[in-house]
Amino acid sequence: MGIPLLPYKMYPQHREREQPIFSARAHVFQIDPNTKRNWIPASKHAVTVSFFYDGNRNVYRIISVGGTKAIINCTITPSMTFTRTSQKFGQWADSRANTVYGLGFATEQQLHQFSERFKEVKEAARLAREKSQDKMELVNTALSIAAPQDLGDELQSPPVMCVNGPEDKMFRSQSADITLSSEKERIKKMLSEGSICEMNLEAELFTLQDSNSKLVSALHEANNNVQQWKKQLAAYQEETERLRDQVADLEAHGGHGPSDMLKDELTRSLEELEALLKAKDEEIHILQNKKSEYHEMEQEREEAIHRLQEMEMRNLELERRVQNAEQNLAASLEERDHTESEVQRAIEILDVKLFDLNDLRQSLVKLIDK
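Residues numbered from 1 in each chain as written. Predicted model: local features only at pLDDT ≥ 70, side-chain atom pairs only at ≥ 80, totals over all residues. Heavy atoms only, no water.

Draft legend 1. Molecular detail of the overall build of the chain. Each helix and strand in the chain was counted, giving four helices and eight strands. Tracing the chain from N to C terminus, the helices and strands come up as β-β-β-β-β-β-β-β-α-α-α-α. Residues classed as buried in the chain amount to 24% of the 370 residues present. Sequence separation of at least 24 residues holds for 58% of the intrachain contacts in the chain that already meet a minimum separation of 6. (Helix = DSSP H or I, 4+ residues; strand = E, 2+ residues; numbered from the N terminus. Buried < 20%, exposed > 50% of the residue type's maximum accessible area, 1.4 Å probe, protein only. Contact = heavy atoms within 4.5 Å.)

Structure follows, in structure tokens:
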């Protein structure tokens, strides 16, 4: 466990040493500067990663030391974001060092604790920056108001050396005012350029995080295997170094050590370990190639889904047309039945009329015969 996080106000600025805030054990990785995709182990085993507070500079830093070498020396800024890419792995980008750090923890709880501490320290760094900026603005405002008169009085020459009198004093005051104004403009320009650079880096980081999140779900198991193999590789490398040291000691002591048979056995063990390391490197390379193949398959799957959606839309359109045609056909059949019934009724009426006319004709014929 670590030391509880304290507000930055509780660390006075006159402290000369950095104060530790929180510590955790983790495997440290750095992004490959060439590919920007693969992780490079920065330590052979788990090391201590700590948050520190620098009271002199009023900044927060993440520091990790492996042996006599500083693995991580990162100043935390409000624009940084710690992203959890798996259950036990997280990462963040350091724009000043132009790299991305990754931490592998033993448990998910340790990763959660580190992530929460990162958020708290990031917020404390933001408050510290705002406080520093407010102080700088107040100082600059006071200097811009008081500089012409104060600096004019300080820079005014003694009465014996003053030749031009009030005009020389005005000239000196205006020059000091111009110097302060140019210095203020230079500082504002530096701050604006820094904020723009941070925004661009943050946008680039968000793009990388979005691309990474698309592959995490499908390659989670492969990443876990790679992490295990890297740990095994680190253990094999330590074993190799130990065996090499033993061989060097045997060669240095000559006949005082074990026999040549033991040397041959140690040499064979070294060769077997190197062959195993090479095989693991090949497996890691194969997994990396599978990542690229998976990316292509993912694109093909998205294209197929897009085509399927288009086919479904066309199918819905055809179904709508068929329904309209069926409705029109039903209306036509109903209208035809109605017309047939009207025609049949007209035929019946016409038959009745014809029968009546025939009866009338017979009656007329009988009447004429009489």
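Draft legend 2. Inspection of the side chain of T240 at higher detail. On the secondary structure map, T240 appears in helix 3 (residues 220-253). Residue classification places T240 among the buried residues on the basis of a relative accessible area of 4%. At a separation of 2.7 Å, a polar atom in the side chain of T240 contacts the main-chain carbonyl oxygen of Y236. Among residues more than four places away in sequence, those in contact with T240 are L270, L273 and L277. (Polar contact = N/O pair within 3.5 Å; in protein donor to acceptor, adjacent residues only side chain to side chain.)

Draft legend 3. Structural view of the pairing of strand 7 (residues 89-94). Counted residue by residue, strand 7 has five buried out of six residues, so it is predominantly covered. Note that strand 6 (residues 83-84) and strand 7 share two bridges and pair antiparallel. Bridge pairing links T83 to Q91 in strand 7. Here strand 6 folds back onto strand 7, and the loop between the two strands holds four residues. Following strand 7, the chain reverses through four residues before pairing antiparallel with strand 8 (residues 99-104); N98 in that reversal takes a positive phi of roughly 55°. (Pairing = 2+ DSSP bridges.)

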